[in-house]
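# Coordinate analysis (summary)
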Amino acid sequence: MHEFSVTGPLIGGALIGLSASLLLLFNGRVAGISGIFGGLLFREPGGAAWRAAFVAGLLLGGLALAAAHPGAFPPAGGGGSLGLVVAAGLLVGLGARLGNGCTSGHGVCGLSRLSVRSLVATMTFMATAAITVYVSHHVLGGAR
């Protein structure tokens, strides 16, 4: 069990808010990760460079954190089989498409714009996550 601290989450939340604000201010775009990544995959016209830079920044930020503070990530192999991880990723992508956005687009950017649609989407994401954790840990007997 890890010691509870609010410092890391506060810094992370502030950095997410700052990056979303800067993207909106300088690019006029909402920082919805599924839309940004989807625009790279499906070649939406214009903006490939900033989309690639944004995704690269996400990956490099994770790598920098792993190098600076390896304890921030669970041990390799602790998250299940590769097939399970791929299936989970595909389901998240499908959910983002069905919800017309992801947690970053709706939860961070949409809620800050007081979007009712984003409020409903975020409540749906959170309820689904809570149900999934409950079922996987208490019904299926997963890791506790």
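### Looking at the packing of helix α5 (residues 103–112) against helix α6 (residues 116–139)
One way to put it is that α5 packs onto α6 with a least axis distance of 9 Å and a crossing angle of 135°. With respect to their mutual orientation, α5 and α6 come out oblique. Our pair here, α5 against α6, has a crossing hand that is left-handed. Contacts from Thr103, His106, Gly107, Gly110 and Leu111 of α5 reach α6 at Arg117, Ser118, Leu119, Ala121, Thr122 and Phe125. By residue class, the composition of the contact of α5 with α6 is four nonpolar, six polar and one charged.

### Let's talk about helix α1 (residues 7–27)
In this model, α1 (21 residues) spans 30 Å end to end at C-alpha, consistent with the 30 Å of a helix rising 1.5 Å per residue. Phi turns positive one or two residues past the end of α1, at Gly28, with a value near 70°.

### Description of the packing of helix α2 (residues 33–41) against helix α3 (residues 48–68)
At their nearest, the axes of α2 and α3 sit 9 Å apart, and the two run at 120° to each other. When the interaxial angle is binned, α2 and α3 end up oblique. Once α2 is placed against α3, the crossing between them reads as left-handed. Residue-level contacts link Ile33, Gly35, Ile36, Phe37, Gly39 and Leu40 of α2 to Ala48, Trp50, Arg51, Ala52, Phe54, Val55 and Leu58 of α3. Tallied by class, residues from the contact of α2 with α3 come to 10 nonpolar, two polar and one charged.

### Observations regarding the nonpolar core
Core analysis: the largest hydrophobic core is formed by eight residues, namely Ala20, Leu23, Ala31, Ile36, Trp50, Phe54, Val55 and Cys109. Residue assignment for this core shows that the elements contributing at least two residues are α1 and α3. Looking at which element gives the most residues to this core, the answer is α3, with three residues. The contacts of Ala20, once residues within four sequence positions are left out, are Ala31, Val108 and Cys109.

### Side note on a nonpolar patch on the surface
On the surface, Ile11, Leu15, Leu18, Leu22, Leu25 and Phe26 cluster together into a nonpolar patch covering about 660 Å² of accessible area. Following the sequence through the fold, Leu15 ends up in helix α1. A residue is classified by how much of its surface remains accessible, and Leu15, at 53% relative accessible area, is exposed.

### A few points about the environment of Ala67
Along the polypeptide, Ala67 turns up in helix α3. Residue class for Ala67 comes out exposed when judged on its relative accessible area of 65%. Put simply, Ala67 and Leu111 are 44 residues apart on the chain and 33 Å apart in space, counted from C-alpha to C-alpha.

### Topic: unusual backbone geometry
The phi dihedral of Leu114 falls on the positive side, at around 60°, and the residue is not glycine. Mapped onto the fold, Leu114 is located in the loop between α5 and α6.

### Describing helix α4 (residues 82–98)
Side chains of residues three or four places apart in an α-helix project in the same direction, reflecting 3.6 residues per turn. Here α4 is 17 residues long and its end C-alpha atoms lie 24 Å apart, about the 24 Å a rise of 1.5 Å per residue gives. Note on α4: the residue one or two positions beyond its end, Asn100, has a positive phi of about 55°.

How each quantity is defined
Residues numbered from 1 in each chain as written. Predicted model: local features only at pLDDT ≥ 70, side-chain atom pairs only at ≥ 80, totals over all residues. Heavy atoms only, no water. Axes fitted to C-alpha atoms, helices over the stretch in contact; angles between N-to-C directions. Helix = DSSP H or I, 4+ residues; strand = E, 2+ residues; numbered from the N terminus. Parallel < 35°, antiparallel > 145°, perpendicular 65-115°, else oblique. Left-handed = near helix turned anticlockwise from the far one by under 90°. Contact = heavy atoms within 4.5 Å. Nonpolar A, V, L, I, M, F, W, Y, C, P; charged D, E, K, R; others polar. Expected span 1.5 Å × (residues − 1). Core = buried A, V, L, I, M, F, W, Y, C linked by side-chain atoms within 4.5 Å. Buried < 20%, exposed > 50% of the residue type's maximum accessible area, 1.4 Å probe, protein only. Patch = residues over 30% accessible without salt bridge, like charges linked within 9 Å, V, L, I, M, F, W, Y side chains within 5 Å. Areas by Shrake-Rupley, 256 points an atom, 1.4 Å probe, with all protein chains shown as cover. Salt bridge = Lys/Arg side-chain N within 4 Å of Asp/Glu carboxyl O.

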